[in-house]
Amino acid sequence: MSCRDACTPAAICFDLAFGGARPSIVMDTCTGCGDCVQACPADAIQLCAREVAHEP
Ligand code: SF4
């Protein structure tokens, strides 16, 4: 849960599931700062650009 602890805006939560817990990200809260990427000891997080629709 290092990523959750590193996330200043608290965009990461862990859902308990059978056999462990899995992180989920609240995309509207995530700033894309990358602090969770640096914090993950398993190197399991990647940031990817996503397309944003622009108003004409
Ligand atoms: S990129 Fe930044 S804001 Fe988004 S989940 Fe990771 S630490 Fe939180």
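Below or above, wherever it landed, is the structure these notes cover. Remember, it's a predicted structure, so these values are computed and weren't measured experimentally. (Residues numbered from 1 in each chain as written. Predicted model: local features only at pLDDT ≥ 70, side-chain atom pairs only at ≥ 80, totals over all residues. Heavy atoms only, no water.)

## Considering the pattern of salt bridges
For the structure shown, the criterion picks out one salt bridge. For Asp-5, the salt bridge is made with Arg-4, and the minimal N-O distance between the two is 3.6 Å. With a relative accessible area of 59%, Asp-5 lands in the exposed category. (Salt bridge = Lys/Arg side-chain N within 4 Å of Asp/Glu carboxyl O. Buried < 20%, exposed > 50% of the residue type's maximum accessible area, 1.4 Å probe, protein only.)

## Structural notes on empty space enclosed by the protein
Under the counting rule described, the total for this entry stands at one cavity of 30 Å³ or more. Here the largest cavity is characterised by a volume of approximately 70 Å³. Forming the boundary of the largest cavity are Cys-7, Pro-9, Ala-11, Ile-12, Ile-25, Cys-30, Thr-31, Gly-32, Cys-33 and Cys-36. (1 Å grid on protein atoms, 1.4 Å probe; cavity = no way out; pocket = protein on both sides within 12 Å on 5 of 7 lines; lining within 4 Å. Points joined across faces, edges and corners; volume = space filled by probe spheres on them.)

## Topic: the site of the ligand
Near the ligand the following residues occur: Cys-7, Pro-9, Ile-12, Cys-30, Thr-31, Gly-32, Cys-33, Gly-34, Asp-35 and Cys-36. Placement of the ligand is best described as lying within the largest cavity. (Near = heavy atom within 4 Å. Sits in = over half its atoms within 2 Å of the grid points.)

## Digging into the layout of surface pockets
For the largest pocket, the calculated volume is near 530 Å³. Along the wall of the largest pocket there are 21 residues; nearest its centre are Ile-25, Cys-36, Ile-45, Gln-46 and Leu-47. Mapped onto the lining of the largest pocket, the elements with two or more residues apiece are helix H1 (2-6), strand S1 (12-17) and strand S2 (20-25). The greatest single-element share of the lining of the largest pocket, amounting to three residues, is contributed by S2. (Helix = DSSP H or I, 4+ residues; strand = E, 2+ residues; numbered from the N terminus.)

## Regarding unusual backbone geometry
Phi is positive for Ala-10, close to 60°, though the residue is something other than glycine. Exposure remark for Ala-10: the relative accessible area of 57% places this residue in the exposed category. Of note, the phi angle at Asp-43 is positive, near 55°, even though the residue is not glycine. Relative to the helices and strands, Asp-43 resides in the segment after helix H2 (35-39).

## Observations regarding the pairing of S1
Relative to S2, S1 runs antiparallel, the two being bridged by six bridges. The residue of S2 that forms the bridge with Phe-14 is Pro-23. Hairpin connection between S1 and S2: a loop of two residues separates the two successive antiparallel strands, and Gly-19 in this loop has a positive phi of roughly 90°. (Pairing = 2+ DSSP bridges.)

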